[in-house]
Structures are given as C-alpha cells and as structure tokens.
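Structural characterization, general
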Amino acid sequence: MSRSGHAHGEGASIMRQPKSVWAVAFACVIAFMGIGLVDPILPAISHDLKATPSQVELLFTSYMLVTGVAMLITGWVSSRIGPKRTLLGGLLLIVVFSALAGTAGGVNGVIGFRAGWGLGNALFIATALAVIVGAASGGVAGAIILYEAALGVGIAVGPLLGGLLGGISWRGPFFGVAVLMAIAFVAVITLLPKSPKPTHHTSVIDPIKALRHRGLLTTALTALFYNYGFFTLLAWTPFPLDLSAHQLGLVFFGWGLCLAITSVFVAPRLQARFGTVHTLYAVQGLIAVTLVVMGVWTHSKPTLIVAVIVAGLFLGINNTLITETVMKVSPVERPVASAAYSFVRFIGGAIAPFLAGKLGENISPNLPFYVGAGCVAVGIMVLASGHKFLRAVDEPAAAATDPADAGRLLVAVDATPDSAAVVRHAARVAVERKLAVHLLHVRETEVVGDTAMDLESEADAQSLLASRLADLRAAGATADGEIAGSTGTHPEVARLILDRAARLSAPAIVIGSSSHDGLSALLGGSVVAEVSRHSGRPVLVIDRESDRLDAVG
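Described in the following lines is the structure provided in the data block. (Residues numbered from 1 in each chain as written. Predicted model: local features only at pLDDT ≥ 70, side-chain atom pairs only at ≥ 80, totals over all residues. Heavy atoms only, no water.)

1. Quick look at the overall build of the protein chain
Rules: Put simply, DSSP marks the helices as runs of H or I at least four residues long and the strands as runs of E at least two long, and each gets a number from the N terminus on. Burial status follows relative accessibility: with a 1.4 Å probe on protein chains alone, a residue under 20% of its type maximum counts as buried, one over 50% as exposed, and anything between as partly exposed. Any pair of residues with heavy atoms lying within 4.5 Å of one another is described as a contacting pair.
Looking only at helices and strands, the protein chain features 21 helices and 7 strands. Residues classed as buried in the protein chain amount to 60% of the 553 residues present. Once local pairs closer than 6 in sequence are excluded, the contacts in the protein chain between residues at least 24 apart make up 84%.

Right, dumping it as structure tokens:
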C-alpha cells in the first residue's frame, strides 16, 4: 500500500473530496469484499446444495481464473472506451452476476455466476485507483488514502458481512453485494464526470510479451506458488474448522484486519530496515511454517483459528512488497507489468481451492496444508533463482545524466505546485553562493495492495523538469537535471536524493516541506526527515506556509 507522497495538493484535507471520489471509494469497499465474503458460507453451500468440498471450492477457482485471464484484456478495454466506462462495466457485471448467484438452484450455477463476477471484478479493480485519483480535487494523497482505507475495510469486513448475512441464508451475501453495488453504480454514473478519451491504445498481447523479461517472470512465478498457499489457507480452512457462518466470519475478519494493517504500517518499515527481497524470503518462509503448523494440528480448532489470523500478518507484508518488486524489476509500462503479473499469480489462486478440496476429501484434511506449504517453499526457491535480476530492487536508480562537474547544489522537486517555490529559493541560494544546480525530479509509482499506477506520466515529468530548469536559468543559475523513478516508499525517495547528493559531492540539498506529509508520512516516514538524518550535509527546506528557507541539517 502507499507510503509515498503524491503529485498534487498535499496540504489538502483527506475529507475534502468531491462526491464522485466517495462514490468510487464506496464501490471499492464492496468490490474488495469479494474474496473473503464467501469464506463463511462455504460449508453452508456444501450442505444445502449437497455439494462436495471440492465442488464448492470451485467458487474460488472460477472467480480467480476468470479474473486472472481478464487482466490480459482490461488494459485493452480501458484504453479504448476509457476508465469510467470500464469501471461502470465492471460494476454492472458484479451487480448482475452476484444477484444471479443468489438465485442459483445448484452449485454449478453458483460457480458459473462467480466466474462472471470475476470478470466484473477484473474490470473494476484495473481502473478504480486511476479513476479515484483522476477525480480527486481535495488532494491526490487524500484520494489514495481513501482508496487504501476502502481496500482495508473491504478485506476485513467482507468475511464479517458474509458471516452476518450467511447466518440467515447462504444466498444473503450474494444479494447483499448486488444491492450495495447497485447503489454504488447509480452513484458513480451520476456523480463521476466523463473521463478523457484515451490517446494510447494497449495491445492484448503486451502482458504476455512482457513475461519474456526474466525478472518479471521470476517474480510472477514466485507469486503463483505463494498464491497457491494463500488460497489453500483461505478456501480450505473453513471445512476443518467446522464453525457456524457467524463464527467463520469473525475468524476471517481477524485475518483481513491483520492483513490490512501490516500492508500499510509494517511492510514499509521492514522494507526500509532489511530490504525488499530479504523481507520477502522471511515472510514467505513464515507463511510456509504457518501452513505446516496448520497441517500438523488440523484437528485443533484453536490452533487453526490462531494460525489463520497470524497468517494475515505475513500475507499483508508479502502482498505489498511483491507488488512493489514487480513494478521495480519490470522494463515495461506499469499497467502492462501489473496485468502480466496478475495473470500468472491468479493461476495459483485458481488451482489451489479445487485441488485442496480434492486432497482434503479423498486423502486427508491435513494434506492440503502440507501441499500449500510446499508450494510456498518452491516459490522461495524460484525467487532465489532470479536473485541477480532482483538484487538491484533496493538500490537507487542509476543517474540518468552525469553533471558536468562536482559540487553542484542538489535541488529535489516533486510534481506539486510548491516545486516553483523550491526552485525560486534554490536559484537565489545558487546565485549568491556561485553554485551550479542539479535538479532532481522523482517520478513516483503508487502501490496500493496489488495495484500500481504512475502518479505522473513520462511526458508530464519531462515537461515539469524543463519548466523548472527554465526557471532556474532565468534567475541566473547554471543548471542541469534528471528524472528518477521511485516505487512505493519514502525511504526509497530519500535514498535517491541521498545517492545523487553523494555522487555530486553536493554542498547542500534543497527540498520542499510539502513532500510526503500528513498520514502518508506517518506510514512511511517523512522524506525530509530521512534525508536530513542521513545526508551529512545541510538540508534546506522550503516551508510552504511562510515561504521561508530553513536549514534542518
């Protein structure tokens, strides 16, 4: 999830968003309920429809398989009809197919309608983050925090709502989602302004071609095996637990809550301290151990309950960091990389539920957990096999340009309007001290759960850099500049700035205080604080409130 600062309006309140943003955020909550919603009602569906566990597990398999395959076409669709129509199409499909699932007279009908729900889910989640950011007027950072909140609430509350409505009838959660999504559909189509016509078309085969890159393929295959273990836990555990729908809802509410919390609060701190890849090795090892524990003590309900909830802690960390890894190692556009990665990893999520059901009902209820642990272990080995492609994940990007000489003043700007004030003050300092300037603009990619998007296009970044360099030169300063990419965290942005300062032997760093404040700063740490703590040179901060230059290092 996001920890980074954002492109516009950092000082705005999170609550000052247009109604369209709130409408999409509400729809996001319901959409993210989709996976955990059915967990509490799996045993009830099996009993009432006289279906075997493996048949009922196909509710997950059909949903995940169609979602994964549909990820290959979501970019193609969105780039032709626009994000608003794509999002509304996804919403409409979820309304229709969730309602039909509630009316199904047999398990095959529910399985088929869940597949249609998966198609709608793919179209929705592929565009929701971009839509909510595009509609934001109260600050992009605030809009993304709302998206993150929707993700966390949806994951955590999905099982709780499933248990509550499932306690009345297994059909209840399906009808509940249909009604809530219908409300969201009306709100979005009424309140969300028309999106601009796409200017760049994406090919259906682009995600497949992207998998030729070894780093992306390695990470995607790691996620495939990890997802097998993840969905074994999610889909098979309700059967050996043998609890009521309400009780299962509470157990998986605890799981979802832990997953949401560690995704936001814990993952960035572990990443900053131990590195992305080392943290992935550790948490995936802990997931495998958790599944082994569940296999050994399958008949102990307290053990299974604790293990499910504890697993949520590890799953949240892994989900965030492996998505960031994909974005960093891939040489292709972010949406294409995301589609390719999602296509592969969802295969694991599709296979696991059905195979776990077959193993559990025909051989032993313990065996699915052991197989899940083994698959996660294979994923760790796959990750290790691509170490030479992944070792640069935590290293700052190489400098795009070499400054003509050392000793330049380093000026770091983001895409906020405050960058003009940063450059104005930096130009004055440079002219007074007879220093040349190296301007660094960090172009950020936001990672929220399993979704990633660039907060600024390459063209916009180039335009901003050119404009700010023109401002510096107009003020009499000698200046050059570069654009560097950053994915996901404040420490990474800080590392980029510190790396450039060291390369330049910069006498000082100039940066704006507006970068990465508010809640997002609490989640990952302020860039200004990180830079001033480790720079070993003066850090000059532009206070946007007083329009004053202050030294903090």
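2. Re the packing of aromatic side chains
Here is the rule we go by: Planes of paired rings set the category: under 30 degrees apart is stacked, over 60 is edge-to-face and the rest tilted, where pairs are Phe, Tyr or Trp rings (Trp by its six-membered ring) whose centres lie within 6.5 Å. Should the NZ of a Lys or the CZ of an Arg lie within 6 Å of a ring centre and within 35 degrees of the ring normal, that charge is described as sitting over the ring.
Under the defined criterion, the tally for this structure stands at 10 aromatic pairs. Pairing Trp 170 with Phe 174 gives two aromatic rings, centres 6.1 Å apart and planes at 80 degrees, and the pair type is edge-to-face. Residue Trp 170 shares its accessibility class with Phe 174, and that shared class is buried. For the pair Phe 230 and Trp 255, a centre-to-centre distance of 6.1 Å together with 55 degrees between the ring planes defines the contact as tilted. Of this pair, Phe 230 sits in helix α9 (residues 214-236) while Trp 255 sits in helix α11 (residues 245-274), and the two are 25 residues apart along the sequence. For the pair Phe 230 and Trp 255, one class covers both residues: buried. Cluster of aromatic residues (ring-pair linked, three or more members): Phe 60, Tyr 226, Phe 230, Phe 231, Phe 252 and Trp 255. Note that Arg 114 overlies the ring of Tyr 63, its terminal NZ or CZ placed 4.0 Å from the centroid.

3. Examining the side chain of Ser 535
Under the convention used in this document: Think of a polar contact as two N or O atoms within 3.5 Å of one another; within protein, one of them needs to be a possible hydrogen donor and the other a possible acceptor, and neighboring residues in sequence only count if both atoms come from side chains.
Tracing the sequence through the fold places Ser 535 in the loop between α21 (527-534) and β6 (539-543). One polar contact links the side chain of Ser 535 to the main-chain carbonyl oxygen of Arg 537, over a distance of 2.8 Å. Apart from the residues lying within four places of it in its own chain, the contact partners of Ser 535 are Leu 498 and Ile 509.

4. Description of a nonpolar patch on the surface
This is how it is decided: Two joining distances apply to patches: 9 Å for like charges and 5 Å for nonpolar side chains (Val, Leu, Ile, Met, Phe, Trp, Tyr), and every residue must have over 30% relative accessible area and no salt bridge. Note that accessible areas follow from Shrake-Rupley with a 1.4 Å probe, and for residues the cover is restricted to the protein chains shown. Any carboxyl oxygen of Asp or Glu within 4 Å of a side-chain nitrogen of Lys or Arg constitutes a salt bridge here.
A contiguous nonpolar patch, built from Ile 73, Trp 76, Val 204 and Ile 205 and spanning about 320 Å² of accessible area, is present on the exposed surface. Relative to the assigned elements, Ile 73 resides in helix α3 (residues 53-81). The exposure class assigned to Ile 73 is partly exposed, which follows from its relative accessible area of 32%.

5. Points about the nonpolar core
The line we're drawing: Side-chain atoms within 4.5 Å link the members of a nonpolar core, which is a set of buried Ala, Val, Leu, Ile, Met, Phe, Trp, Tyr and Cys residues.
Among the nonpolar cores identified, the biggest contains 96 residues, and Leu 91, Phe 124, Phe 174, Met 181 and Trp 255 are the most heavily contacted of them. Looking at this core element by element, the count peaks at 12 residues for helix α5 (residues 107-134). Listed in part, the 26 residues of the second largest apolar core include Leu 321, Met 327, Val 336 and Phe 343.

6. Quick look at the pattern of salt bridges
As enumerated under the stated definition, the model contains 7 salt bridges in all. In this structure, Glu 458 engages Arg 443 in a salt bridge whose closest nitrogen and oxygen atoms are separated by 3.2 Å. In this pair, Glu 458 sits in helix α18 (residues 458-474) while Arg 443 sits in strand β2 (residues 437-448), placing the two residues 15 residues apart along the sequence. Using a relative accessible area of 38% as the deciding quantity, one classes Glu 458 as partly exposed. Here Arg 443 falls in the buried class, since its relative accessible area comes to 18%. Ionic contacts of the salt-bridge type, sharing partners, join the residues Glu 482, Asp 499, Arg 500 and Arg 503 into one network.

7. Overview of the packing of α3 against helix α4 (residues 83-103)
Definition in use: Axis angles are defined between N-to-C directions and span 0 to 180 degrees, where every axis is a line fitted to C-alpha atoms and, for a helix, only to the segment in contact. The scheme is simple: roughly parallel for angles under 35 degrees, roughly antiparallel for over 145, roughly perpendicular for 65 to 115, oblique for anything else. Residue classes follow a fixed rule: Ala, Val, Leu, Ile, Met, Phe, Trp, Tyr, Cys and Pro count as nonpolar, while Asp, Glu, Lys and Arg count as charged, and any other residue, Gly among them, counts as polar.
At a minimum axis separation of 6 Å, α3 and α4 run at an interaxial angle of 125 degrees. If you check the angle between α3 and α4, you find them oblique. Contacts from Val 77, Ser 78 and Ile 81 in α3 reach Pro 83, Arg 85 and Thr 86 in α4. Partitioning the contact of α3 with α4 into residue classes produces 3 nonpolar, 2 polar and 1 charged.

8. Some details on α9
The following threshold applies: Every helix has an expected span of 1.5 Å times one less than the residues it contains.
Here α9 spans 33 Å end to end across 23 residues, near enough to the 33 Å set by a 1.5 Å rise per residue. In terms of burial, α9 is a largely internal element, 19 of the 23 residues being buried.

9. A word on the packing of α3 against α9
As a reminder of what qualifies: It is the rotation of the near helix from the far one that decides the hand of a crossing: anticlockwise by less than a right angle makes it left-handed, clockwise makes it right-handed.
Relative to each other, α3 and α9 sit at 130 degrees, their axes nearing to 11 Å. With respect to each other, α3 and α9 are oriented oblique. You can see that α3 and α9 cross each other, and the crossing is right-handed. For the pair α3 and α9, contact is made by Pro 53, Glu 57, Phe 60 and Met 64 and by Phe 231, Leu 234, Ala 235 and Trp 236, respectively.

10. As for the pairing of β6
Across a regular strand the side chains alternate sides, sitting on one face of the sheet and then on the other. Cut-off, in case you're wondering: In this description, strands pair whenever DSSP reports at least two bridges between them.
Within β6, 4 of the 5 residues are buried, which leaves it mostly tucked inside the rest of the structure. Alignment of strand β5 (residues 509-512) against β6, held across 4 bridges, turns out to be parallel. In the sheet register, Gly 512 faces β6, and the bridge partner there is Ile 542. Inspection of the sheet shows β6 paired to strand β7 (residues 548-551) by 4 bridges, in the antiparallel sense. By the bridge assignment for β7, Val 541 is matched with Asp 550.

11. Regarding unusual backbone geometry
Of note, the phi angle at Lys 434 is positive, near 55 degrees, even though the residue is not glycine. Inspection of the secondary structure assignment puts Lys 434 in the loop between α17 (419-432) and β2. Classification of Lys 434 by relative accessible area gives exposed; the value is 75%. Non-glycine residue Ser 505 carries a positive phi angle of around 50 degrees. Mapping Ser 505 onto the fold places it in the loop between α19 (490-504) and β5.

12. Brief notes about the pairing of strand β1 (residues 409-413)
Most of β1 is tucked away: 5 of the 5 residues are buried. Two strands pair when backbone bridges link them, and β1 and β5 are joined in this way by 3 bridges, in the parallel orientation. Residue pairing in the sheet places Val 411 in a bridge with Val 510 of β5.

13. A short note on the environment of Leu 180
Position of Leu 180 relative to the elements: it lies in helix α7 (residues 172-191). Apart from the residues within four sequence positions on either side, Leu 180 is in contact with Phe 26, Ile 30 and Leu 161.

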